[in-house]
Amino acid sequence: MAPRLQLEKAVWRWVESVKPEDIGQEHMELAYRISLPACKRGTCRRNCKGNPNCLVGIGEQTWLGEIDENVFHNIDDPNSERREKNTFVGLTNLGATCYVNTFLQVWFHNLELRRSLYQCYNSHAQEHDTESDYEPQSICEHLQYLFALLQNSNRKYIDPSGLVKALGLDTGQQQDAQEFSKLFLSLLEDTLSKQKNPTLQNVIQQQFCGQFFYVTVCNQCGRSSALPSRFYELELNIQGHKNLAGCVTEFLKDEKLDGDNRYFCESCHSKQNATRRIRLHSLPPTLNLQLMRFIFDRQTGHKKKLNTYISFPEQLDMAPFLEVTKDQKCVYELSAVLIHRGISAYSGHYIAHVKDAHTCDWYKFNDEEIERMEGKKLQLGTEEEIAETVKSQTRKPKCSKGYHCSRNAYMLVYKIQEEENLDASKTTVQVPEFLQRLVDQDNHKFEEWCSEMADMRKQSVDKGKAKHEEVKELYELLPARDDKVGDAKRVSQKAGQVLYERYGGGPRLDGSTLCRECVGQRCRVLRLKRQLNEDHKEVSNLVKRTVSCEGYWVGKTSLRSWKQLALEQLEKDEHESKTSNGQSNGKGRDANSSQDCGPELSEGNEEEMKMFNEDLVCSHGGLSILDTERKLVSSEVWTKLRTYFPKAQEFTQDQGPCPQCLTLEQEEKDNEAVSKMMALDQKNQLLNLFHEKNRPILTKWPEVDTDILYVVPLFFVDEWRKFIRRPTKSSPVSNVGNSLLVCTHGGFMFTYDSLINGDTRHIALLWPSEWEVISKLFIVDQPISIHCFKQTTPTGPTTKYTTQPDLCWECREGFLFQQQKDLREYTQATVYIRKIIADKRMIKEVVPELNASSSEAEEEKEEQPKVAGERDPDFSQSEDGAKRLKLSDGNIAEGVASPGTNTNKLSGIRRSTRHRKLRGEKALIVSANQTLKELKIQIMHAFSVAPFDQHLSIDGKSLTDDSATLGSLGVIPESIISLKADEPIAGFAAMDDVYQVGMPEEGFKGTGLLGH
């Protein structure tokens, strides 16, 4: 089939010779492309939208090709949850419980421990009815059931939430794995000690407990004393060591006791210098070696991880480290390596490499995922890093045969080496019958779930296949033996009947519904588009001639861009005729023209045109009074323009401008003249007030010859000055508005002292002569004045100041209380942090920061007229439009002079009260209820200074209580806080640790591991 554009031109070629009124049936069939041949399958790569008879590429390949059953459902295969043969069962990570999962897997692979746990008496499980779910009661019961599921469950992984909940662990917080190991074994030992079976009471001690002696030798007399001690694991320092033997050697090395740490010798009866060391006496069958990777950093005050490489052997001979080796097995084999992935002590992931006692194969246990570790060279304790920000400074050292090297291993588990011809019963553990019954119950539930999921998948697939056959059958009926033609297809009457019966819809369209009106409209549009260029040239020539007879008004903007507007309108009409859905039949071509957006005009920066001649129409629908924006054209030009814009508004030469606009224009001129006269008169009468000359100053009063001053709101003076400067742009002021300065009881809100100390930013002071003028020019709702009385007392002459009306003490106290409350209960306020440099001076720069939030120079320009609806910054506005003075002293002026004081202020310029940020200073958004520690975290992000290196102060007062709120510490909005920083800590890992610490560590406080 020919390309779409070529086909479009071919089917409408007849419009060049046929007028809209001469359209016949053959033209309509050509326009609707009824006679185009149908495409055959395989000939088109995609559907031919221009051919209604092309039924290729409408989705049939999905239904006629091979069936993919997965497209008929969104249910995962339940068998993906099934345990594979000869594999182990995983444990679900409940959020941050990977450290628990690794130890459970290690203990599960301790066959002696598992065998002993199975022998524990459990009446609850033995008497359980399998018709209900089994819920273990004690820690032993939980561990029994969990181990039985790990051994014989059909599931790929099981949920340990029962045990975790019984222990009271927080699943969202990662805890210290080494501490968990110690506490859990201690809890398990205590639980087993209460068993009636004596062989079970000491299982933990028999498996994990060894003994060493603290041997102290007096340097004076040589007396030796030994103190026995049991251990369940050896905690080995790895700092400064490269291999496990070095760590054990340091653990056993001599310690000198001298100075304040001297030893009291019972033979010498006094404190003497001595030597102390640890001597290993006996070792357990399972030897746990804790590598102290997580240590307390005294410099930072937090834990950190040592990413030191340590090599360790697969076979460990402990004989060189034992005091007595007779009758003891000293050779151990590596059975598990516990690993922490990540560089921080407060985050990361725990996994375990564990050796299967039966096959001697190694497996990686990573929560739900378990995989066998294979390869020519087994690398235990090696895992890829998580979120490592810096490359390791040290290369991984080479390891000898039989040795492994790791920077992430934090615990090594060794088991005593057994004889080669070991009895098979020792490498296998049978699940007791009462536990197997519970496992079978869980397996039965799992199989039921798998069967249910498989049935749901099968039902979805069966429905999909039935739908597939239905569509396939219908597609065979489609071929036949709008101008929405590109979106329509012709099908046979039989296929159409089937579609309407099965799916509904409408209306039914056949050969009798071809629209003659749409075809005629399209024909007209195409003919006009071909004629547009010629008409444009002709109109351009005609408008240059002088109009000698009847003429018509045309907007100059419309006339300059009429070709572009016409082209857009024709393209819009063409698009509507193509996509007509029956809504535009019978409507004119300009019916929706107001929705079009015209392009930018080629000449000047005129507004975008939407309709032709709309630039002539005023808001009342008449001819615009702006005669410079219109042009008179001849009737011949207008006739041609009307052909393209039949809906355009017509204005004849004799038609006059809109009378309403003329009246409004005259009224505006008269009002401007009156406003100018009024402004000039008021300015002449209050010249000093306007220019801010010779203003009253409270600190110098009453040195002048008057004992009374009058008060008006500063807002009134500002608005009045704006009117005087721009009488034609601003509204005249009619009311003084002194009610802003009085309370609801009619009392004044300010005292003489408060005005001296900064409240003058709310008011302006007037001389009596100025008040007399203002009383005549404006409405005075409430006179307010300040009076000065001189009195003679025994101590000398004094001056007393009063106000009229009197001060309302009740409202004044409420105002002050609210003011202090606002300073203590703020949200989203700004404070400034200034860093102090080494010589104890605060960083000060004359030039403000270049990245300030807004230009302060703009603030100091001459004020612009207030836009309608704009709110004044010093006043709050209620819904009724009345203004009230803001009860806030957030920006108290530094001087005591009134705003009218002439302090090098030019007319119309005000001083900015915004805080000027200095270079090196940063603004932070804070709230009164946030703690000082939270502020320190913000400062850390802004200045890269850790919280423990920060020393904060405000007005010389140190801020030290990290748990106190900013409001209680006296930090108010716009406060400047000084920051003195200690030397920064080294290493990105330490900074990462600080980021992770949000709350104080509580460890396992409140959990079942501590008996709670």
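Refer to the structure printed above.
Reference entry: report on the structure contained in this document.

It is worth spelling out the packing of aromatic side chains at this point. The way to describe two aromatic rings as a pair is by their centre distance and the angle between their planes. Counted according to the given criterion, the structure contains 24 aromatic pairs. Judged by centre distance (6.2 Å) and plane angle (75 degrees), the rings of F212 and F251 are edge-to-face. With F212 in strand β3 (residues 210–218) and F251 in helix α12 (residues 244–252), this residue pair connects regions lying 39 residues apart in the sequence. F212 sits in the buried class, given a relative accessible area of 6%. Ring centres 4.9 Å apart and planes at 5 degrees place the aromatic pair Y710 and W771 in the stacked group. Taken together, the positions of Y710 in strand β23 (residues 708–713) and W771 in helix α23 (residues 768–777) put the pair 61 residues apart, joining distant regions of the chain. You'll find Y710 and W771 in the same group, each marked buried. A network of ring pairs unites the aromatic residues Y99, F103, W107, F180, F184, F294, Y350 and Y410 as a single cluster. Residue placement shows R114 over the ring face of F108; its charged tip is 3.8 Å from the ring centre. Sitting above the plane of the W553 ring, R630 keeps its charged end 4.6 Å from the centroid.

So, about the sheet that holds strand β26 (residues 796–804). One open sheet holds the four strands; their spatial order is β24-β23-β25-β26, and the pairing between them is antiparallel. Only two strands of the sheet have a single neighbouring strand rather than two, namely β24 (763–766) and β26. Going across the sheet, the axis of each strand differs from the next one's by a mean of 30 degrees, ignoring polarity. With four bridges connecting them, β23 and β24 associate as antiparallel partners. Among the inter-strand pairings, V711 is bridged to a residue of β24, identified as L765. Strands β23 and β24 of the sheet are contacted by helix α21 (residues 714–725), whose axis makes an angle of about 70 degrees with β23. Together, β23 and β24 form the strand contacts of α23, whose direction differs from that of β23 by roughly 45 degrees.

On the basis of which strands lie adjacent, the open sheet formed by four strands has the order β4-β3-β9-β6 and antiparallel pairing. This sheet does not close on itself; its edge strands, each paired only once, are β4 (224–231) and β6 (255–257). Strand-to-strand twist in this sheet, taken as the mean axis angle between neighbours without regard to direction, amounts to 30 degrees. With eight bridges connecting them, β3 and strand β9 (residues 274–282) associate as antiparallel partners. From the neighbouring strand, T216 faces β9, where its bridge partner is R276.

This brings us to the nonpolar core. Ranked by internal contacts, the top residues of the largest apolar core, which has 62 residues, are W107, L117, F180 and L188. Broken down by element, the residue count for this core peaks at nine residues, all from helix α7 (residues 139–152). L117 has contacts with C140, L143, Q144, F147, L188 and L192, leaving out every residue within four places of it along the chain. Judged by nonpolar contacts, the second largest core, of 36 residues, contains L287, F312, W362 and L380.

Note that the residue after Q804, namely P805, is joined by a cis bond; omega there is 5 degrees. Looking at where P805 falls in the secondary structure, it is placed in the loop between β26 and α24 (809–824). Although it is not a glycine, C360 sits at a positive phi angle of roughly 65 degrees. Following the sequence through the fold, C360 ends up in the loop between β16 (349–355) and β17 (362–366). Phi angles above zero are rare outside glycine, and N613 is one such case at about 70 degrees.

In terms of burial, strand β10 (residues 286–291) is a largely internal element, six of the six residues being buried. Both faces of β10 are covered, namely the face carrying T286, N288 and Q290 and the face carrying L287, L289 and L291. Across three bridges, strand β5 (residues 234–236) lies against β10 in parallel orientation. Bridged to E235 within β10 is Q290. As paired strands, β10 and strand β20 (residues 409–416) are joined by five bridges and run antiparallel to one another. Bridge pairing in β20 links T286 to K415.

Another point: helix α4 (residues 98–108). In an α-helix, one full turn covers 3.6 residues, which means residues spaced three or four apart are oriented alike. Burial analysis of α4 places 11 of its 11 residues in the buried class, which makes it a mostly covered element. Every buried residue of α4 is listed here: C98, Y99, V100, N101, T102, F103, L104, Q105, V106, W107 and F108.

This part is about the pattern of salt bridges. One pass over the full model with this rule turns up 21 salt bridges. Of the charged contacts in the structure, one is a salt bridge between D190 and K194, with a shortest N-O distance of 3.8 Å. Note on D190: relative accessible area 40%, which makes it partly exposed. Residue classification places K194 among the exposed residues on the basis of a relative accessible area of 65%. A salt bridge links E333 to K355; the nearest nitrogen and oxygen atoms lie 3.9 Å apart. On the criterion of sequence distance, the pair formed by E333 in strand β15 (residues 331–341) and K355 in strand β16 is long-range, its members being 22 residues apart.

What counts and what doesn't
Residues numbered from 1 in each chain as written. Predicted model: local features only at pLDDT ≥ 70, side-chain atom pairs only at ≥ 80, totals over all residues. Heavy atoms only, no water. Phe/Tyr/Trp six-rings, centres within 6.5 Å; stacked < 30°, edge-to-face > 60°. Helix = DSSP H or I, 4+ residues; strand = E, 2+ residues; numbered from the N terminus. Buried < 20%, exposed > 50% of the residue type's maximum accessible area, 1.4 Å probe, protein only. Lys NZ or Arg CZ within 6 Å of the ring centre and 35° of its normal. Pairing = 2+ DSSP bridges. Axes fitted to C-alpha atoms, helices over the stretch in contact; angles between N-to-C directions. Contact = heavy atoms within 4.5 Å. Core = buried A, V, L, I, M, F, W, Y, C linked by side-chain atoms within 4.5 Å. Salt bridge = Lys/Arg side-chain N within 4 Å of Asp/Glu carboxyl O.

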